[in-house]
Amino acid sequence: MKKIYYPLACCLIGGMLASCGGSAKKSNATEEVVATTTTTTVSYSKSLKADETETLDLPVDADGYITIFDGTSFNGWRGYGKDKVPSRWIIEDGCIKFCGSGTGEGQTGEGGDLIFAHKFKNFELELEWKVSKGGNSGIFYLAQEITSKDNDGNEVLEPIYISAPEYQVLDNANHPDAKLGKDNNRQSASLYDMIPAVPQNANPFGEWNKAKIMVYKGTVVHGQNDENVVEYHLWTKQWTDMLQASKFSEKKWPLAFELLNNCGGENHEGFIGLQDHGDDVWFRNIRVKVLD
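Residues numbered from 1 in each chain as written. Predicted model: local features only at pLDDT ≥ 70, side-chain atom pairs only at ≥ 80, totals over all residues. Heavy atoms only, no water.

### Looking at the overall build of the protein chain
Here is the rule we go by: Secondary structure elements are defined from DSSP: runs of H or I of at least 4 residues count as helices, runs of E of at least 2 residues count as strands, and each element is numbered from the N terminus. The classification of residues rests on relative accessible area computed with a 1.4 Å probe and restricted to protein chains. Under 20% of the type maximum is buried, over 50% is exposed, and intermediate values are partly exposed. By definition in these notes, contact holds between two residues if any of their heavy atoms fall within 4.5 Å. Note on areas: these come from Shrake-Rupley sampling with a 1.4 Å probe, and a residue is covered only by the protein chains present in the view.
In terms of regular secondary structure, the protein chain is built from 3 helices and 19 strands. Taking all 292 residues of the protein chain together, the buried fraction comes to 52%. Within the protein chain, residue pairs in contact and separated by at least 24 positions form 70% of the contacts whose partners lie at least 6 positions apart. Taken as a whole, the protein chain presents about 13,100 Å² of accessible surface, with 47% of it coming from carbon and sulfur.

### Side note on the nonpolar core
Just so we agree on the cut-off: What makes a nonpolar core is a set of buried Ala, Val, Leu, Ile, Met, Phe, Trp, Tyr and Cys residues whose side-chain atoms join them at distances within 4.5 Å.
Grouped together as the largest cluster of nonpolar side chains are 64 residues, with contacts concentrated most on Trp77, Ile96, Ile139, Tyr141, Tyr232 and Phe283. Beyond its immediate sequence surroundings of up to four residues, Ile96 is in contact with Phe69, Phe74, Trp77, Trp89, Ile90, Leu114, Leu274, Val281, Trp282, Phe283 and Ile286.

### Quick look at the pairing of strand β14 (residues 166–170)
Note the threshold: Pairing between strands is defined by DSSP: at least two bridges between them are needed.
In terms of burial, β14 is largely enclosed, as 5 of its 5 residues are buried. Every second residue of β14 is oriented toward a common face, with Glu166, Gln168 and Leu170 on one face and Tyr167 and Val169 on the other, all of them buried. Of the strand pairs in this sheet, strand β11 (residues 136–143) and β14 are connected by 5 bridges, and their pairing is antiparallel. When the bridges of β14 are listed, Ser137 appears paired with Val169.

### Focus on unusual backbone geometry
If a residue is not glycine, its phi is most likely negative; likewise, a peptide bond is most likely trans. In this structure, the amide linkage connecting Val198 to the following residue, Pro199, adopts the cis form with an omega of 0°. Phi is positive for Trp235, close to 60°, though the residue is something other than glycine. Tracing the backbone shows Trp235 in the loop between β17 (227–233) and α2 (237–244). Even without being a glycine, His268 presents a positive backbone phi close to 55°.

### Notes on α2
The α-helix winds at 3.6 residues per turn, so residues separated by three or four positions along the chain end up facing the same way. Our working rule: Our arc is simply the arc of the directions from the helix axis toward the C-beta atoms.
All buried positions along α2 are accounted for by Trp239, Met242 and Leu243. Angularly, the buried residues of α2 cover 100° about the axis, an arc narrow enough to put them on a single face. Buried-residue contacts for α2 involve β17 and α3 (254–261).

### Notes on the pattern of salt bridges
Working definition: two side chains of opposite charge can pair if their charged atoms are close together. Spelled out, the test is: By salt bridge we mean one thing: a side-chain nitrogen of Lys or Arg within 4 Å of a carboxyl oxygen of Asp or Glu.
Within the structure shown, the criterion is met by 12 salt bridges. For Asp193, the salt bridge identified is with Arg186, shortest N-O distance 2.9 Å. Residue Asp193 is classed as buried on the basis of its relative accessible area of 9%. Between Lys210 and Asp226 there is a salt bridge, with its nearest N and O atoms 3.4 Å apart. Highlighted residues: Lys210 in strand β15 (residues 209–216) and Asp226 in the loop between β16 (219–224) and β17, separated in sequence by 16 residues. Among the charged side chains, a salt-bridge network with shared partners connects Asp61, Glu124, Glu126, Lys212 and Arg287.

### Considering the side chain of Asn122
What counts is decided by this rule: Whenever two N or O atoms come within 3.5 Å, that pair is a polar contact, provided that in protein one can donate a hydrogen and the other can accept it, and provided that, for residues adjacent in sequence, both atoms are side-chain atoms.
Mapped onto the elements of the fold, Asn122 is located in the loop between β9 (114–120) and β10 (123–131). Residue Asn122 is classed as buried on the basis of its relative accessible area, which comes to 9%. A polar side-chain atom of Asn122 sits 2.8 Å from a polar atom in the side chain of Asp292. Those residues in contact with Asn122, other than ones at most four positions away along the chain, are Val215, Tyr216, Lys217, Lys289, Val290, Leu291 and Asp292.

### A short note on the packing of aromatic side chains
What counts, and what does not: Pairs were defined over the aromatic rings of Phe, Tyr and Trp, the Trp ring being its six-membered one, requiring ring centres within 6.5 Å. Orientation was assigned from the angle between planes: stacked under 30 degrees, edge-to-face over 60, tilted for the rest.
One pass over the structure, following the stated rule, counts 7 aromatic pairs. Centre to centre, the rings of Trp77 and Phe116 are 5.4 Å apart; their planes meet at 70°, and the pair counts as edge-to-face. Taken together, the residues span a long stretch of sequence, with Trp77 in strand β6 (residues 77–79) and Phe116 in strand β9 at a distance of 39 residues. We note that Trp77, like Phe116, is buried. Residues Tyr161 and Trp253 carry aromatic rings whose centres are separated by 5.9 Å and whose planes lie at 80° to one another, so their mutual orientation is edge-to-face. Highlighted residues: Tyr161 in the loop between β13 (155–157) and β14 and Trp253 in the loop between α2 and α3, separated in sequence by 92 residues. Pairwise contacts between aromatic rings join Trp77, Phe116, Phe120 and Phe123 into one cluster.

### Describing the sheet that holds β11
Think of a sheet as strands paired side by side through backbone hydrogen bonds, with each pair either parallel or antiparallel. We apply this condition: Here an axis means a line fitted to C-alpha atoms, over the contact stretch when the element is a helix, while the angle between two N-to-C directions is reported on a 0 to 180 degree scale.
The strand order across the open sheet built from 5 strands is β6-β9-β18-β11-β14, with neighbouring strands paired in antiparallel fashion. Taken across any chain shown, the strands that pair with only one partner, and hence form the sheet edges, are β6 and β14. Going across the sheet, the axis of each strand differs from the next one's by a mean of 25°, ignoring polarity. In this sheet, strand β18 (residues 270–274) lies alongside β9 in antiparallel orientation, the contact comprising 4 bridges. By the bridge assignment for β18, Ile115 is matched with Gly273.

If you want it as C-alpha cells, here you go:
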C-alpha cells in the first residue's frame, strides 16, 4: 500500500484535531451552549488539543482511506471527556484493546469510552473487532461531548450514547443483551435498540469481524463481514419514529431524544468512539474515508 502523509487538517473539512496519548491540555475556549431545557443547560464540549501541535500527519492510501490507528500509538485518540487515554485501553499486538473491568456499564475511573478526537461528517469507517466470551462493546459515530448541570450546579458528563448512534459489538451467543430489545436489534452490527442487523452474520467470540459504517448526507449503512446489514436515514420522520419506539424516546429520556433527533448537532458531524462496556474487546485496521 502506498502511503501519502499530509496534515489531517488539510484533508478534512472543519474541526480541530487533538493529538492525544501525550500531555494534552484543555482549551481555554468557553463552551458553546447549544440547547436549553426547562431543567438543564446542555453544552457541546470543545475538543482538547495538545499545545505542541494543531495537526497530525496520518497515512492515506490510494483509495483515499486515512489510517486513524497505526497499530503502535494512540496518536489522535483520547478518553471521552478526558485529556488522555484511560489506562484500561492498551495497544496489544497491533490492536487497540480494552482490558475488561467486569463492571459492565459501570465504568471505572481508569476506564471509559475512547474517541478519535476529530469530528467527521460524511465518511466511511472500516475496522475489525473481536470480543471475549460474553463480551459487549460498541462503535459510536457522530458523537458529541455533552455536559449538563446537576441540581447543585455541578457539571456532569453525560454518556456518549446520549448523542451518538451505536453499531453494536457483541458475542451474540453468550451475552444476555442479544435476547433483549426487539427482533434481535441488540445483536452485533445492529443499530442498537432500533434496527436489527439482517442477515446476522457475526463470527463467534474470539474471531475477527469486519465492520463498516457509511454516513453520507443522512443515509447510514452498517456493514458486517462484507455484507450490508442495516440502512436508515437520519433527520427524517423515520428516524424520529424509531427514536420514539426505543429507550431514547422523548418520554423515557428527553435529553437523549433531543440530541439524537438532531444527531451530529448543527454541523451534522461528530466523533468516532469505542465503548467501554466492561468486557475485553479488540479493534484493529481502523481507517476512514472522507466523503465530503
